[in-house]
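In case you want the letters, here they are:
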Amino acid sequence: MSETESKLCLVTGATGYIGGRLVPELLDAGHRVRCMARSAGRLRDHPWADRVEVVEADATDPESTTRALDGVDVAYYLIHAIGGAGGFAENDRRAARTFADASRRAGIGRLVYLGGMAPGGGGRELSAHLRSRAEVGEILLVSGVPTAWLRAAVIIGSGSASFEMLRYLTERLPVMVTPKWVHTRIQPIAIRDVLRYLVAAADLPAEVSRGFDIGGPDVLTYLDMMRRYAAVAGLRPRVIVPVPLLSPWLSSLWVGTITPVPGGLARPLVESLRNEVVCADDDIDRYVPPPPGGATGFERSVELALRRVREADVATRWSSASVPGAPSDPLPTDPDWAGGSLYTDERTCRADAPAQRLWDVVEGIGGERGWYSFPLAWRVRGLLDRLVGGVGLRRGRRDPRRLRVGETVDFWRVEAIEPGRLLRLRAEMRVPGLAWLELRVEDEGGRARLAQRALFHPRGLAGHAYWWAFRPFHDRIFGGMCRGIARAAEPSGEGVTAGPR
C-alpha cells in the first residue's frame, strides 16, 4: 500500500469497545477524526478527546447524520444493537439505511463496516443477531459508496465481551459441563489486528467495494481456546465435559451466571458460536499485507490481554456500550421537578481526612472495593437483577481508580463526574423507575464532608411500592455506605472495603 494520506474520518460508535480504540489508532496514523455520538458528554473524559471533533447525531435521524458527514472522507460504521429483545433488527436496518443514504448524498469516499463472520460450510441457520449484522453489511454495500465490510469471529482483547466470557468460564470452573458448541471451529482474531485492518481500510482503492473475512493464524474449537487460555494464565488443566442438552437459551443463562456478561448479551454471543466461523479466504492480504512476523496468534493475544487487565490498562470495555432498555434520562435538575414524584434519601458524613483522600475513595467505589455497606444485600440485589435479565453487579469497572463519563460501575453508569467534587451514577439494574446515586465531596478546612443522595423516580404503582418496601433498609444500606466511605478515607480506615464480593 502507498503511504497513508491524511483523511477526515468519521467514527460512529466511538463510545463503544471498538470505536473507542479505533480513534487513537486513526490519529496516530495521521488522520483527522470526527466522532459521532448521541451525547457528546460521554466522550469528554477519553484521553484523546481534545484531539478530535465531536458532533451529536443519531444514525436514525437523516438531518443530524447528514451534518455529521459533511466534509468527511471515510466513515466508520460501528453501530450495533445487541442484547435487546425484539425490534433490534428493525432499528439496525433503519439506522444503516439512513446512514448509507446520507453518506451517498454527502459524497463520502468510503464506508468501513465491522460485522460478524458468517458460518462456513453451510448447515445451520444464522442467529438473529448475525443475520442483522449481515443485512447491515448488504445495505452498506449497495449504497453507492465504496464499502469495505470486514467480518470477524471472536475478538480477543482486554475488555471485549468474547474475551471476558472465555476468561471467566475458564478461570472460575476447573471442571465444566459444557454445551456441544465447544467443539465448533472458530478463527479468533486479536483486537490489535482488527484495528490494523480498520485503519488500513481507509486507504483501499476506490474500486474495492466488497466484504472481507479477517482472522488470526489459528483455527481452534472453543474447547481448545479454554484449554490454551488456562495454560497461558498458569491455571491447572481444565476438565471439560460437553453435553448435547444445553440450548442457546440455557447456555446464555449458564454463561450469565458464571461470568460478568449478562444473559441478554451472552445469548447472541453463544448463538454465534453454534456455527463454524472460519475465514473463507485471505483476500484481504492483497490490500493489507500481514505485519512483520505475521498476525497475532491466540496465545500471544491472551498474553497481551491479561497483561492489560493486570496492569489496569484497559482502554475500552464491552460494558461501555448502552444496555437495551436501560434508563437514559438525565437526573432532573429542577427541585420542583414537574415529571412526578422524586423520592430522595440524603446523608452527610464527615471524615478526618483531606478532601482529596475522600475523593479517591469515592472515585474507587464499586468493583473489587464494593459499596462500603451491607455486602450481602448488594450481592443479593445483584443476583436478583441477573435472574430477571439485568446486568447484575459483576460488570465491575474498567479501571479500579479512575472513572469516565459513560463508563459502568457494576449496575450503575457514570452520568456525571467533576474530579475532586462530584460523582453521579445512574442505575441500570431492573427497577420500576429511574434511580441515581450522587456523591459530593466538600472541603471544610482540612476535614472532608461527604454529601450523599439517592434519588428515585417511580414508574406507576409498582415504583412507589418498590421505594417503600426497601425504605426500612435505607439506613443500613445508604447510611452505612456514607459512613463506610468516610471511614475508609481516614488514616485508620485505609483499605476498608465492603467486605468479600
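Please read these numbers as outputs of a predicted model, since none were measured by experiment. (Residues numbered from 1 in each chain as written. Predicted model: local features only at pLDDT ≥ 70, side-chain atom pairs only at ≥ 80, totals over all residues. Heavy atoms only, no water.)

Peer 1: Got a minute to help me understand the overall build of the chain in this structure?
Peer 2: Of the regular secondary structure elements, the chain holds 14 helices and 19 strands. A fraction of 76% describes how many contacts in the chain between residues 6 or more apart in sequence connect residues 24 or more apart. Of the accessible surface of the chain, which amounts to about 21400 Å², a share of 52% is contributed by carbon and sulfur atoms. (Helix = DSSP H or I, 4+ residues; strand = E, 2+ residues; numbered from the N terminus. Contact = heavy atoms within 4.5 Å. Areas by Shrake-Rupley, 256 points an atom, 1.4 Å probe, with all protein chains shown as cover.)

Peer 1: Hey, could you run me through the state of the cysteines in this one?
Peer 2: As used in these notes, a disulfide is a covalent bond between sulfur atoms, one from each of two cysteines. Using the criterion set out here, one finds one disulfide in the structure. At a sulfur-sulfur separation of 2.4 Å, the disulfide partner of C349 is C482. Taken together, the residues span a long stretch of sequence, with C349 in strand β14 (residues 343-351) and C482 in helix α14 (residues 474-489) at a distance of 133 residues. Accessibility classification places C349 together with C482 in one group, the buried group. (Disulfide = S-S within 2.5 Å. Buried < 20%, exposed > 50% of the residue type's maximum accessible area, 1.4 Å probe, protein only.)

Peer 1: Which parts of the structure should I look at to understand the sheet that holds strand β1 (residues 8-12)?
Peer 2: Adjacent strands of a sheet form backbone hydrogen bonds with each other and so pair up, either parallel or antiparallel. Taken in spatial order, the seven strands of this open sheet run β3-β2-β1-β4-β5-β6-β11, and their pairing is parallel. The outermost strands of the open sheet, each flanked by one partner alone, are β3 (53-56) and β11 (210-213). The mean inter-strand angle of the sheet, taken between neighbouring strand axes irrespective of direction, is 20°. Here helix α2 (residues 62-69) sits on the sheet in contact with β1, β2 (32-37), β3 and β4 (74-77), set at roughly 170° to β2. The strands touched by helix α6 (residues 191-201) within the sheet are β4, β5 (110-116) and β6 (147-152), with β5 carrying the most contacts at an inclination of about 155°. (Pairing = 2+ DSSP bridges. Axes fitted to C-alpha atoms, helices over the stretch in contact; angles between N-to-C directions.)

Peer 1: Explain the confidence of the model for the chain here, please?
Peer 2: Where the model shows low pLDDT, its predicted coordinates should not be examined in detail. Of the residues in the chain, 83% have a pLDDT of 70 or more, and the chain-wide mean is 83. For the stretch residues 323-329, pLDDT sits under 50, and the model shows 17 contacts to residues farther than four places along the chain or on other chains. (pLDDT = per-residue confidence, 0-100.)

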